[in-house]
Amino acid sequence: MTSGRVFLDTNVFIIGAALPGSPEGQILRWAGFGMPQPGPVEVIVSQELFEQILRVGRRLKGKDWGSEIVGRIWQDMALVYVITAPHEFETLRQVGRLPREDIGVYLAARKGQAQCFVSANHELIGALARASGEFESLSPQEFVDRYLR
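Residues numbered from 1 in each chain as written. Predicted model: local features only at pLDDT ≥ 70, side-chain atom pairs only at ≥ 80, totals over all residues. Heavy atoms only, no water.

Scanning the protein chain from N- to C-terminus turns up eight helices and five strands. Reading the protein chain from its N end, one meets helices and strands in the order β-α-α-β-α-α-β-α-α-β-α-β-α. Here the protein chain, with 149 residues, has 48% of them falling under the buried criterion. In the protein chain, of all internal contacts separated by at least 6 residues, the share reaching a separation of at least 24 is 63%. On the protein chain, roughly 7500 Å² of surface is accessible, and the fraction owed to carbon and sulfur atoms is 50%. (Helix = DSSP H or I, 4+ residues; strand = E, 2+ residues; numbered from the N terminus. Buried < 20%, exposed > 50% of the residue type's maximum accessible area, 1.4 Å probe, protein only. Contact = heavy atoms within 4.5 Å. Areas by Shrake-Rupley, 256 points an atom, 1.4 Å probe, with all protein chains shown as cover.)

What follows is about the packing of helix α1 (residues 10-18) against helix α2 (residues 23-31). Axis angle and axis distance: for two packed helices, these are the angle between their axes and the distance between the axes, and together they describe the pair. The geometry of α1 relative to α2 is characterised by a closest axis approach of 7 Å and an angle of 100° between their N-to-C directions. By the criterion of interaxial angle, the relationship of α1 to α2 is roughly perpendicular. Listed contacts from α2 to Asn11, Val12, Phe13, Ile15, Gly16 and Ala17 of α1 are Glu24, Gly25, Ile27 and Leu28. Among the residues making up the contact of α1 with α2, the classes are represented as six nonpolar, three polar and one charged. (Axes fitted to C-alpha atoms, helices over the stretch in contact; angles between N-to-C directions. Parallel < 35°, antiparallel > 145°, perpendicular 65-115°, else oblique. Nonpolar A, V, L, I, M, F, W, Y, C, P; charged D, E, K, R; others polar.)

This next bit is on the side chain of Glu24. The topology assignment puts Glu24 in helix α2. No salt bridge is formed by the buried Glu24; its nearest oppositely charged neighbour, Arg29, is found at 9.7 Å. Ignoring anything within four residues of it in the chain, the contact list for Glu24 reads Asn11, Val12, Ile15, Gly16 and Pro140. (Lys, Arg positive; Asp, Glu negative; His and termini not counted. Salt bridge = Lys/Arg side-chain N within 4 Å of Asp/Glu carboxyl O.)

Right, let's get into the sheet that holds strand β3 (residues 79-82). With respect to topology, five strands assemble into an open sheet ordered β3-β2-β1-β4-β5, the strand pairing being parallel. If you trace the sheet from one side to the other, it starts and ends with β3 and β5 (136-138), each paired once. Neighbour-to-neighbour, the strand axes of this sheet turn through a mean angle of 30°, independent of strand direction. Direction of pairing for strand β1 (residues 5-8) relative to strand β2 (residues 42-46): parallel, over a ladder of two bridges. In the strand pairing of β2, Val6 is matched with Val43. Against the sheet, helix α8 (residues 140-147) engages β1, β4 (116-118) and β5, with an angle of about 110° to β5. (Pairing = 2+ DSSP bridges.)

The relation between two aromatic rings is expressed through the spacing of the ring centres and the mutual angle of the planes. Scanning the entire structure with this criterion turns up eight aromatic pairs. Both rings, one in Phe117 and one in Phe135, keep their centres 6.0 Å apart while their planes meet at 35°; by these two values the pair is tilted. Of this pair, Phe117 sits in strand β4 while Phe135 sits in the loop between α7 (123-132) and β5, and the two are 18 residues apart along the sequence. There is no split in this pair, since Phe117 and Phe135 are both buried. Over the ring of Trp65 we find Lys61, and its NZ or CZ is 4.9 Å from the ring centre. (Phe/Tyr/Trp six-rings, centres within 6.5 Å; stacked < 30°, edge-to-face > 60°. Lys NZ or Arg CZ within 6 Å of the ring centre and 35° of its normal.)

Here you go:
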């Protein structure tokens, strides 16, 4: 993937920031995280994603760590910020095909017109994306193997 839009799930940011040598860390650096220039793609973000990063970061390493990650995202990456409407969330919640915590990230990836969704927990969203043909869904290792080697 040398251009386009990608959605990186919360776990990619958290694991990648904590373990720079991991596949998640490789993906973050490729996308510009901690680098002097943004990467070759636009990274889709949303309020929901930032809230998840802050919540998980606070649990793992304290409130400042999650904030540092969010700050680096804003500073280092080429971003596409999307806003999802409450009725869109409610519609998908009623359908019941995704767990509640995955609805916001799925909507952000879809609204941001992601070409690829990267997550360690991508199975449910991947199944829905494949059925709709909206975007490719890969684990961090699959993404590294396919696009960064």
